[in-house]
Amino acid sequence: MSDTWERVQLASARIPFRIKTGAVWIALFAFLGFVGSSAGFDLQWIQDNMRYIAGGLRYTMYTALGGIALAVVMALLGALARISRNPVANGIAGFYVSFFRGTPLIVQMFLLYLALPPVGRNLAAKYDWLPEGFADWFLLDVMTAGIIALGLNYGAYMTEIFRAGIQSVAAGQGEAADALGMTYLQKMRKVVLPQALRVIIPPTGNEFIAMMKDTALVSFLGTTVDTMEIFRRAQLVGKHDFKNLEAYVAVALLYWALTVLFTYFQARLERRLGRGYDRSHVVKLAEASLRQRRAAGPA
Amino acid sequence: MSDTWERVQLASARIPFRIKTGAVWIALFAFLGFVGSSAGFDLQWIQDNMRYIAGGLRYTMYTALGGIALAVVMALLGALARISRNPVANGIAGFYVSFFRGTPLIVQMFLLYLALPPVGRNLAAKYDWLPEGFADWFLLDVMTAGIIALGLNYGAYMTEIFRAGIQSVAAGQGEAADALGMTYLQKMRKVVLPQALRVIIPPTGNEFIAMMKDTALVSFLGTTVDTMEIFRRAQLVGKHDFKNLEAYVAVALLYWALTVLFTYFQARLERRLGRGYDRSHVVKLAEASLRQRRAAGPA
Amino acid sequence: MTGTSTDVVVRIEGLHKSFGHLEVVKGVDLDVHRGEVVVVFGRSGSGKSTVLRCVNFIEDPTEGSIEVAGIRLGGGHRTRRKREQIRQLRLHVGMVFQQFNLFPNMTVLDNVTCAPRMAGKGSETEIAQRAKDLLDRVGLADKAREHPARLSGGQQQRVAIARALAMEPDVMLFDEPTSALDPELTGEVLSVMKTLSTEMHMTMMVVTHEMGFAREVADRMAFFHEGRILEEGPPSELIASPRYAETRAFLEAVL
Amino acid sequence: MTGTSTDVVVRIEGLHKSFGHLEVVKGVDLDVHRGEVVVVFGRSGSGKSTVLRCVNFIEDPTEGSIEVAGIRLGGGHRTRRKREQIRQLRLHVGMVFQQFNLFPNMTVLDNVTCAPRMAGKGSETEIAQRAKDLLDRVGLADKAREHPARLSGGQQQRVAIARALAMEPDVMLFDEPTSALDPELTGEVLSVMKTLSTEMHMTMMVVTHEMGFAREVADRMAFFHEGRILEEGPPSELIASPRYAETRAFLEAVL
Amino acid sequence: GGDGSSTATEEPTGGGQTTEATGDQTVCAGETTDLLKEICDKGVLTVSTDPAYPPQSSLNEQTGDFEGFDIDVATEIAKRLGVDVAWETPQWDVITAGSWNGRWDTTVGSMTPTNDRQEVLYFTQPYNYTPAVVVTLADDDSVNDLSTDLDGKKIGVCSGCTYEQFLNKDLTIDGYTFDFVIDDAKVSGYDTDTTALQDLANGRLDAVITSVTTAQGYIDAGNPVKIVGDPVFYEPLSVGFDKSSDPSSESLFEAVDQIVADMHADGTLTAMSNEWYGLDLTTQQ
Ligand SMILES: Nc1ncnc2c1ncn2[C@@H]1O[C@H](COP(=O)(O)OP(=O)(O)OP(=O)(O)O)[C@@H](O)[C@H]1O
Ligand SMILES: Nc1ncnc2c1ncn2[C@@H]1O[C@H](COP(=O)(O)OP(=O)(O)OP(=O)(O)O)[C@@H](O)[C@H]1O
Ligand SMILES: [Mg+2]
Ligand SMILES: [Mg+2]
């Protein structure tokens, strides 16, 4: 018995690991499919409606791209402010990060979508020196409110990423730029940020992937039909045909595919950055110390 | 003019930085209060209802605590499986992490809450060898479904944290345990995990804080009145009195307070772990190499 | 000190080891007899550590076999049974690492007692008593309650030796035990190692470049070159009149 | 080589520097005259680097003042105007670091041209021409298009020297420019530094323990001890007959 | 754009059809003020609806058009105003909360003019009356007499809608009286009726209260539930307007109220009801 088992183990050892885990995945998919069909899932409905739901991918991507663009800007400003010794910049950035990390995204979305317009209206009513159309600036449509909420929220989290990235640039780099008489802006633009970028880009990719999924929350505000992203579309047709579950499964598959796809690209990007022209100072330092320790032995 | 400004700067330089940023925070609160009152916010309403909304903190915390407990278990199992060379464990863990990181939490919640019961029901109907009450296991109440969804979702993210934590333990530690003839379990329990913990605990604290905010999503499943957490309570009274905005502001303040509180504790914990009995190997290595470089100069 | 085959504690036969496409050990045969001290030396990268690590299966041999205390094992996939065999073999082998690798989450005493306790090597009191004796022997009885981080490198390495001895191994492997130490601390470690041989007659394989120690303690020396043993012999002969130019060049650099 | 006050390029007066409660520099006065090479030496931690870094305000003096090329500045809060004054002062000072600190995201040529270009020191072609001349002078004309990571340490340090020279400073500061280099590479850097003095008559402050270089190139040496200049004088005198026991002990260790 | 050219091109299409349909002068052709004037000037009435509720309102995925009873009513209202219709699809909660901030002008979404809602919204006279029914599992025989058998049971509803208020006995509409026959129900609120129905099928609930059309749709989709007894109440459904609107929506409200009255009178609503529901729900039972 235990002998047979050992022979199985030895035989299996010859099959490449990747193929074995692949087989496990296939088995898991088959199992889930079985569970799904046991649950009386209407696979036909999923097939029929996938096309319509997937039609919202465009808006999912718009929202996520808009959100990440804003988030990058906020994170950059936030990080520079958090590093600076200017109390006003530092204080505002600290407040921003604390608030947007401290409250749920969904609350932020509702506040931006619902609470902002009356603020604008009342201010415009109170102070007539405010420009024409002032109140309208506060009247965001759903997608804009969603993008802004996502951007501000993720920007707050990414402030820490950017700060860490900037601080990962060796202090000597900034000192060298200072010593050459560069201004703060020149130093940042030409020396520090280009180097920080290589540390910042990979986690920013992760944030983008996370954000794609959080675009689902925008639908709780209620999007216009022309610009409905996949989650809202799934909810709509699911409710319509009383097939919520199938709709959720369909949209889950879409998100999953998106994530797997972008994770793949992100991993490639990371690898490319990894073997770039410059190896990080940390690595070089570690290597140097290793070399020395080796050299300490007989040469 | 520029002279006056310089004198102001010099005078301000004498005020401690913390006090200045504190003042900026107060100014920002005042500004937001002004904006809020301009927007016609009913602060009285917030005061009157805060007590009721805050009554849900208990359930918010239950949910978050239950979620993090499950997440820790999942992350530990996931990390050990991801590290192992066993293709089944590795494949299942990979699938788990990929799915739960690849789809939105809100979709997972709906699937767990709505899609699981018919699975159980249909399976029970199909196979009568299944035990009595089999179908009921799949019939989760809202809070349980929420806790399980949060736990599985965060567990998937935390798998990476745990894996990194375990791998941060120097390879030599595992080799030493192996060389002493310890079994895998002994090695993990007595040598690797206790050391990994110090790396794992701080980010796990962060995850817990993040999870507290994601408990808000549970309310989209539909809750019974007795176990409503703060977000649901805010929505309910807000809708009832047509004070949605005030309700969202109130609940945002609660979440913020929670987050600030727990972030404070977490920072303390981190500091305590930081000055523990053992300084990490990395630090020691860096110090050693520094010592050597210094020593390379004249002694 | 050469003995009959029954005296052999470690027998390395036809050992090859590759990492990916890089062959690091290219056929090593070596017997270590009971009570014998073999010093292994050679250039960085010549495969000394790799051979040592193959002996207790921290690395799996690509080809060839290892025999320790009668347990003979080759490389290959680690089935459940194989893992158990490896563990049994390891119970006969103590190892001391260049970086000490003490467990920082335990006190010095726990470091020494944890493995025997797990392996059930005697009662709790026996284990504690043996640990105290060993700490006494390496001169650190008073540090039993300390955590490793508070000890000097030399003290840590001596604790590591006590920890390995606590399992009552048939052979001790040392991989450059003093090269991570400040020069003023190497002496204390080397002297402990010396008493192991002279007083306890411990069988030892030692990778080191401390030629003073080798001359004094080693029964045999093996010079590694590019994954093979280029030459071996008693220290007096090998150091005085090496046969190969490589050995001579290396010895000149070290001495 | 002592000159009148108008010849003074760097004047350090009553310099004190504390980090928190730790006073690291405890009153240093030093004039460096045009064309003069001053070598600073002393134990690790004696404050050599700190003084050098105060000269171009990488550190703010706690007390005392720095004058470079007629711009005299003290410590204190960096107002907008102060920052601009510091930047003006820095344009007269070149600095070379122990760790080279080349910008890894730029080619060698860009490293040398970026600062003059930002400061608007001449037309684009002038700047490029000067950069090429300088790279030629440090023997690296052929490496202009490389990235720093592909150069050896010695080459990197020579690029760093060219980069600092490109700003046409009145004084060059060197903080242990060769101590991060493998011994076989120090020579090429020291010889470049020597030609700076002999051919370009560059004013230099050099922290180094290369006594051969000091003897040959320095006009004056200053021995730092616990945040003060314990003694100074021409190398011939100071090395041959130091007045203080501390200086003697240190020199014995280095030579 | 120039006023002349735009009216010239619109005349034969939008304007022409409207006059044809009603055989009457459009509202916009007459004197208008405030929000009504703004809408007439824009030429578009923006209506909010939730297109997940057939047969009131649903989205035809193939064509991208909305269809249903509410859609037809809203389209007809716009026609009689003399403007085009545009749609918004905000979440229900956002509509009932008022303070639309001008994002849309009116809601024709089967909304009941409860007294609560009347605090923030204007409501026209009802344009139809939908029966609210009790739904239970198909194999559940325990519920026969609605006035006793559901007391203390766990009942699911969409949260914040009239069914929830009915169970909580705080559904009040001036001019209507309700018989709150169910006592001490354990109310579970859901994001939508469908989720509640699903949960009924999952066995977490004893019953669901929803509109007869939703219930019938769910049954027709093959789910094991049934409608029990007669409707527990009929909810009047009206067209709503934001009271906080700036400019004031009162003018629009009055105009549309008149249009609804006309549509009752000329049989338009009855025809539409018959078309979509198969019966006439335009008068109170
Ligand atoms: N895990 C590994 N993966 C890949 N290559 C390895 C690994 N371990 C060792 N090597 C390589 O094998 C060769 C021999 O290494 P080994 O550590 O045995 O040499 P050594 O003789 O002990 O040298 P040293 O004196 O530096 O310790 C080296 O080239 C090393 O880089
Ligand atoms: N930024 C800093 N913060 C706190 N202490 C510092 C800082 N920079 C230097 N020191 C301390 O100031 C003292 C003097 O340092 P400095 O680098 O000037 O010495 P040094 O003479 O250059 O020594 P070395 O030969 O090691 O470079 C040291 O004790 C050092 O630890
Ligand atoms: Mg080795
Ligand atoms: Mg220094």
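Residues numbered from 1 in each chain as written. Chains lettered and ligands numbered in written order. Predicted model: local features only at pLDDT ≥ 70, side-chain atom pairs only at ≥ 80, totals over all residues. Heavy atoms only, no water.

Draft legend 1. Just the arrangement of the chains, in detail. Contacts between protein chains span seven pairs of chains, and they are most numerous for chains A and B. Between chain D and chain E there is no contact; the minimum C-alpha to C-alpha separation amounts to 46 Å. (Contact = heavy atoms within 4.5 Å.)

Draft legend 2. Up close: the nonpolar core. With 272 residues, the main nonpolar core has Phe231(B), Ile12(C) and Ile12(D) as its most contacted residues. With near-sequence residues (within four places) excluded, Phe231(B) lies in contact with Ile106(A), Val107(A), Phe110(A), Ala216(B), Ser219(B), Phe220(B), Tyr248(B), Val251(B) and Tyr255(B). (Core = buried A, V, L, I, M, F, W, Y, C linked by side-chain atoms within 4.5 Å. Buried < 20%, exposed > 50% of the residue type's maximum accessible area, 1.4 Å probe, protein only.)

Draft legend 3. Here's a closer look at the site of ligand 2. Residues and elements named next belong to chain D. Neighbouring ligand 2 are 12 residues; Ser44, Gly45, Lys48, Ser49 and Thr50 lie closest to it. A distance of 2.8 Å is found between an oxygen atom of ligand 2 and a side-chain nitrogen or oxygen belonging to Lys48. When ligand 2 sits alone it has 630 Å² of accessible area, and the protein chains cover 63% of it. Take the shell around ligand 2: its biggest share by element is three residues, from helix α1 (residues 48–55). Its residues assigned to classes, the shell around ligand 2 comprises two nonpolar, six polar and four charged. (Near = heavy atom within 4 Å. Polar contact = N/O pair within 3.5 Å; in protein donor to acceptor, adjacent residues only side chain to side chain. Areas by Shrake-Rupley, 256 points an atom, 1.4 Å probe, with all protein chains shown as cover. Helix = DSSP H or I, 4+ residues; strand = E, 2+ residues; numbered from the N terminus. Nonpolar A, V, L, I, M, F, W, Y, C, P; charged D, E, K, R; others polar.)

Draft legend 4. Spotlight on the state of the cysteines. Residues and elements named next belong to chain E. Scanning all chains against the criterion turns up two disulfides over all chains. Here Cys28 connects covalently by a disulfide to Cys40, the sulfurs 1.8 Å from one another. Given an S-S torsion of about -75°, the disulfide between Cys28 and Cys40 has left-handed geometry. Of this pair, Cys28 sits in the loop between α1 (3–22) and α2 (34–42) while Cys40 sits in helix α2, placing them 12 residues apart in sequence. (Disulfide = S-S within 2.5 Å.)

Draft legend 5. Highlighting the site of ligand 1. In the neighbourhood of ligand 1, 12 residues make up the surrounding shell, with Ser44(C), Gly45(C), Lys48(C), Ser49(C) and Thr50(C) lying closest. Looking at what sits near ligand 1, you find residues from chains A and C. At a separation of 3.2 Å, an oxygen atom of ligand 1 approaches a polar backbone atom of Ser46(C). Compared with its free state, where it exposes 630 Å², ligand 1 has 64% of that area covered by protein. Broken down by element, the shell around ligand 1 gets its largest block of residues, three residues, from helix α1 (residues 48–55) of chain C. The residue makeup of the shell around ligand 1, split by class, is two nonpolar, six polar and four charged.

Draft legend 6. Quick look at the sheet that holds strand β4 (residues 65–67) of chain E. Read across the sheet, three strands follow the order β2-β3-β4 (chain E) without closing on themselves; strand pairing throughout is antiparallel. Of all strands in the sheet, those bounded by a partner on one side alone are β2 (52–53) and β4 of chain E. (Pairing = 2+ DSSP bridges.)

Draft legend 7. Structural detail: the relation of the copies chain B and chain A. Note on the identical chains: chain B maps onto chain A by a rotation of 180° and an axial translation of 0.0 Å, with an RMSD of 0.1 Å. What the rotation and shift describe, once combined, is the action of a two-fold rotation axis. When you check the interface residues of chain B against chain A, 100% turn up at the interface there too, and the contact is symmetric in its surfaces. (Least-squares fit on C-alpha atoms with pLDDT ≥ 70 in both.)

Draft legend 8. Up close: the interface of chain B and chain A. Counting from both sides, the interface comprises 60 residues of chain B and, opposite them, 60 residues of chain A. When chain B packs against chain A, the two sides together hide about 5300 Å² of surface, and 78% of this comes from carbon and sulfur. For chain B, the biggest contributors to the area lost against chain A are Phe17(B), Phe95(B) and Trp256(B); these three give 13% of the whole. Where chain B meets chain A, there are zero salt bridges. For the interface between chain B and chain A, the tally reads 12 residue pairs in polar contact (both at pLDDT 80 or more). When contributions to the side of chain B that touches chain A are tallied by element, the ones reaching two or more residues are α2 (17–38), α5 (87–102), α6 (105–126), α12 (244–274) and α13 (281–296) of chain B. Looking at the side of chain B that touches chain A, its residues break down into 39 nonpolar, 15 polar and six charged. (Buried area = accessible area lost by both parts, 1.4 Å probe. Salt bridge = Lys/Arg side-chain N within 4 Å of Asp/Glu carboxyl O.)

Draft legend 9. Structural context of the side chain of Glu207(A). Within the fold, Glu207(A) resides in helix α10 (residues 184–214). Of the side chains with opposite charge, Arg101(B) comes closest to the buried, unpaired Glu207(A), at an N-O distance of 8.8 Å. Dropping the residues within four chain positions of it, Glu207(A) is found in contact with Ile68(A), Tyr154(A), Tyr157(A), Met158(A) and Ile161(A). (Lys, Arg positive; Asp, Glu negative; His and termini not counted.)

Draft legend 10. Structural view of the pattern of salt bridges. A complete count under the given rule lists 47 salt bridges over all chains for this structure. With its nearest N and O atoms 3.4 Å apart, the salt bridge here joins Arg72(D) to Glu13(D). Here the residue Arg72(D) occupies a position in strand β5 (residues 71–74), and Glu13(D) occupies one in strand β1 (residues 8–19), the gap between them amounting to 59 residues. What makes Arg72(D) exposed here is its relative accessible area of 52%. Among the ionic pairs, Glu216(D) bridges to Lys194(D), the shortest N-O distance being 2.3 Å. Taken together, the residues span a long stretch of sequence, with Glu216(D) in helix α7 (residues 211–217) and Lys194(D) in helix α6 (residues 183–200) at a distance of 22 residues. A relative accessible area of 54% places Glu216(D) in the exposed class. For Lys194(D), a relative accessible area of 33% translates into the label partly exposed. Put simply, Glu175(A), Arg53(D) and Glu59(D) are held in one network by salt bridges that share partners.

Draft legend 11. Here's a closer look at the UniProt feature "domain: ABC transporter" (unreviewed entry) in chain C. Per the UniProt entry, the sites bearing "domain: ABC transporter" (unreviewed entry) are residues 10–251 of chain C in this numbering. Strand forms 26% of residues 10–251 of chain C and helix 40%; the C-alpha atoms that close the span are 26 Å apart. (UniProt positions renumbered as here; feature names shortened; annotations may be inferred.)

Draft legend 12. A look at the sheet that holds strand β3 (residues 37–42) of chain D. Residue and element names in this part refer to chain D. With mixed pairing, six strands are arranged side by side in an open sheet as β6-β7-β8-β3-β9-β10. Looking at which strands have only one partner, the edges of the open sheet turn out to be β6 (93–96) and β10 (228–233). In this sheet, neighbouring strand axes are inclined to one another by 20° on average, regardless of whether the strands run parallel or antiparallel. Sheet topology places β3 next to strand β8 (residues 203–207); four bridges connect them, and they run parallel. The residue of β8 that forms the bridge with Val38 is Met205. The strands touched by α1 are β3, β6, β7 (171–175), β8 and β9 (220–225); relative to β7, the strand with the most contacts, the crossing angle is about 150°. Its contacts with the sheet place helix α5 (residues 153–165) against β6 and β7, and it is angled at close to 170° to β6. (Axes fitted to C-alpha atoms, helices over the stretch in contact; angles between N-to-C directions.)

Draft legend 13. Summary view of a nonpolar patch on the surface. A cluster of nonpolar side chains, Phe31(A), Leu32(A) and Phe34(A), forms an exposed patch at the surface whose accessible area comes to about 290 Å². Positionally, Phe31(A) belongs in helix α2 (residues 17–38). (Patch = residues over 30% accessible without salt bridge, like charges linked within 9 Å, V, L, I, M, F, W, Y side chains within 5 Å.)

Draft legend 14. Here's a closer look at the packing of aromatic side chains. All chains considered together, the criterion is met by 53 aromatic pairs over all chains. Consider the rings of Phe242(A) and Tyr218(E), whose centres lie 5.2 Å apart with planes at 65°: the pair is edge-to-face. With one member in each of two chains, Phe242(A) in the loop between α11 (230–240) and α12 (244–274) and Tyr218(E) in helix α9 (residues 212–220) form a pair that bridges those chains. Pair check on accessibility: Phe242(A) and Tyr218(E) agree, each one buried. When the ring centre of Tyr52(A) is taken as origin, the NZ or CZ atom of Arg233(A), which lies over that ring, is 4.7 Å away. Over the aromatic face of Phe103(D) sits the side chain of Arg163(D), whose NZ or CZ is 4.5 Å from the ring centroid. (Phe/Tyr/Trp six-rings, centres within 6.5 Å; stacked < 30°, edge-to-face > 60°. Lys NZ or Arg CZ within 6 Å of the ring centre and 35° of its normal.)

Draft legend 15. Representation of the packing of helix α4 (residues 57–83) of chain A against helix α5 (residues 87–102) of chain A within the structure. Residue and element names in this part refer to chain A. Packing of α4 against α5 brings their axes to within 8 Å, and their N-to-C directions diverge by 130°. With respect to their mutual orientation, α4 and α5 come out oblique. Relative to α5, α4 is oriented so that their crossing is left-handed. Of the residues in α5, those touching α4 at Met74, Gly78, Ala81 and Arg82 are Ala89, Asn90, Ala93, Gly94 and Tyr96. Of the residues contributing to the contact of α4 with α5, the split by class is five nonpolar, three polar and one charged. (Parallel < 35°, antiparallel > 145°, perpendicular 65-115°, else oblique. Left-handed = near helix turned anticlockwise from the far one by under 90°.)

Draft legend 16. How the structure looks around the pairing of β10(D). Residue and element names in this part refer to chain D. Two elements, β9 and β10, share five bridges in a ladder whose sense is antiparallel. Counted as the bridge partner of Ala222 is Glu232 from β10. Connecting β9 to the next strand, β10, in antiparallel fashion are two residues, including Glu226 with a positive phi near 50°.

Draft legend 17. Molecular detail of helix α8 (residues 142–168) of chain A. Residues and elements named next belong to chain A. The end-to-end C-alpha separation of α8 is 38 Å, in line with the 39 Å expected for 27 residues at 1.5 Å each. Roughly 35° is the biggest bend found in α8, and it falls at Tyr157. Most of α8 is tucked away, with 19 of its 27 residues classed as buried. Backbone nitrogen of Met143 and a side-chain oxygen of the N-cap are separated by 3.0 Å at the start of α8; the cap is Asp141. (Expected span 1.5 Å × (residues − 1). Bend = angle between axes of the 7 residues up to and from the residue.)

Draft legend 18. Quick look at the pairing of strand β11 (residues 207–211) of chain E. Residue and element names in this part refer to chain E. With respect to burial, β11 is a largely interior element, five of its five residues being buried. Inspection of the sheet shows strand β8 (residues 128–137) paired to β11 by four bridges, in the antiparallel sense. Following the sheet pairing, Ala132 is matched in β11 by Ser211. Pairing of strand β9 (residues 154–158) with β11 involves two bridges; the strand directions are parallel. Counted as the bridge partner of Ile155 is Ala207 from β11.

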